[in-house]
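This is what each chain is made of:
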Amino acid sequence: MVLFSSLITLMVTAIQLYRDYNRDLLLIDSQLKQIQEVHIRSIAGNLWLLDDKGMQILIDGILQLPDILYLEVSDGDRIWASAGVKPNEKMISQEYELTYRHLGQKQKIGTMIAVATLERVYQRLIDKTVDILISNAIRTFLVAGFILLVFYFLVTRHLIDIASFIRNHNLEQEGDPLRLDRKFRGKNKPDELDMVVDEFNLMRDSLQQTFSSLKESEAKYRELYDNMAQGVVHQDAEGKIISANKAACDILGLSIDQMQGKSSLDPEWKTVYEDGREFPGAYHPAMKALSSGKSVDDVTMGIYHPQERQYRWIIVSSKPRFLPEEDRPYQVYTTFTDITERRRASQEREKLIAELEIKNSELERFVYTISHELKTPLVTIAGFLSLIH
């Protein structure tokens, strides 16, 4: 608003100064014409009579005109009269032919040069420019100040109230809706501020409902996260642990404080393959998922439990996470299931199966021996029975 007003002021000032400049030039031109119409005949008469004193008196009088700075009368050979100081620049020069009618004939007897300065014109323009600019600046300042005051009363203070309400608003707490102190409006038609307040209150109610739903949903997922049997660990792009659930702490035998900041490359994990070989940290599923950008699923590994002082066996899966429009993962989350008891039960089952197979083999040999020993007397008895018959 102030910039636009200043621009308009400058344009109006430029137009006004241009008009004043043209008017001053016309005024100088009129003075030069006045010399032609009023004084030239008298000066020519004095020159004809060679009355240099009379000519001097005349040009001294002409020199009193506002913008005339220098006058000179000469006959080509001699300067008969002069007055003023001849400027070197910023001037308008006019030469007049001095003639005298003698015996019915018009004769040229000399010339007069009149020089008008533009210094005073420029100085008047500068003074007027300063006056106009100062007066317009004061006027613009007062108008802008009044506009700003009115704008503050009608708009700005309400925007400040809205910003303060938003800054101090807490979605977790119920509170009064936003209201503006606009008692001076009466029953006028709702304006843009009223529309902003209404829309904000509607948005606030919607956000509170959404926030409440999200909070409830978060509580459910947090409960599930904390109580699920599977361990869950989140790691950053360098493989350092960010968070873990309770199951992960129980399975790994470490608290969350002990795990945070720890990387899969840390040798303290003491991980092994199923055949007992050392499982290098660089080959852990989380590190492979970070390096490849692909999921790694169902990897079986043993990890030393510092409290139980024995290995626990887990099945691990890791999945990388990406930011929008990024091709390198910024996080990886790993889930793992404790299969120690299942593995122990499987080993016991295999042991029992092996034992049963041995028992079955022994039983088969026993049955074979018994059947062979029983078969011999039965053959003898069958032979006697055939003789009796």
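Residues numbered from 1 in each chain as written. Predicted model: local features only at pLDDT ≥ 70, side-chain atom pairs only at ≥ 80, totals over all residues. Heavy atoms only, no water.

**A word on the overall build of the protein chain**
Assigned secondary structure in the protein chain consists of eight helices and 10 strands. In terms of principal-axis extent, the alpha carbons of the protein chain reach across some 210 × 65 × 50 Å. For the protein chain, the residues scored as buried account for 30% of the 389 residues in total. Summed over all atoms, the accessible surface of the protein chain reaches about 27,100 Å², with 57% contributed by carbon and sulfur. Counting 47 positive and 56 negative side-chain charges, the protein chain places the centres of these two groups 3 Å from one another. (Helix = DSSP H or I, 4+ residues; strand = E, 2+ residues; numbered from the N terminus. Buried < 20%, exposed > 50% of the residue type's maximum accessible area, 1.4 Å probe, protein only. Areas by Shrake-Rupley, 256 points an atom, 1.4 Å probe, with all protein chains shown as cover. Lys, Arg positive; Asp, Glu negative; His and termini not counted. Charge placed at Lys NZ, Arg CZ, Asp CG, Glu CD.)

**What about the sheet that holds strand β1 (residues 68-74)?**
Here four strands make up an open sheet; going across it, the order is β2-β1-β4-β3 and the pairing antiparallel. The open sheet has two free edges, formed respectively by β2 (79-84) and β3 (91-102), since each of these has just one partner strand. Each neighbouring strand pair of the sheet contributes to a mean axis angle of 15 degrees, computed without reference to strand direction. As defined by bridge partners, β3 adjoins strand β4 (residues 105-117) across 12 bridges and the pair is classed as antiparallel. Note that in β4 the partner of leucine 98 across the bridge is glycine 110. Contacting β1, β2 and β4, helix α2 (residues 52-62) runs over the sheet at an angle of about 25 degrees to β2. (Pairing = 2+ DSSP bridges. Axes fitted to C-alpha atoms, helices over the stretch in contact; angles between N-to-C directions. Contact = heavy atoms within 4.5 Å.)

**As for α2**
Three or four residues apart is the spacing at which side chains of an α-helix point the same way, because the helix has 3.6 residues per turn. The complete set of buried residues in α2 reads Gly54, Met55, Ile59 and Ile62. In a view along the axis of α2, the buried residues occupy a sector of 125 degrees, so they form one face of it. Exposed side of α2, more than 90 degrees from the buried face: Lys53 and Ile57 are the residues found there. (Arc of directions from axis to C-beta.)

**Quick look at the sheet that holds strand β10 (residues 331-338)**
Pairing is antiparallel in the open sheet, where six strands are placed in the order β6-β5-β10-β9-β8-β7. On the outer flanks of this sheet lie β6 (241-244) and β7 (271-272), each paired with one strand and no other. Here eight bridges tie strand β8 (residues 296-305) to strand β9 (residues 310-321), and the two strands are oriented antiparallel to one another. Bridging across to β9, glycine 302 finds its partner in tryptophan 313.

**Structural notes on helix α7 (residues 285-292)**
If you check which residues of α7 are buried, you get Pro285, Ala286, Met287, Ala289 and Leu290. For α7, the elements touching its buried residues are β5 (231-236), β8, β9 and β10. Just past α7, the residue glycine 293 takes up positive phi, approximately 75 degrees.

The values are spatial; any link to function lies outside them.
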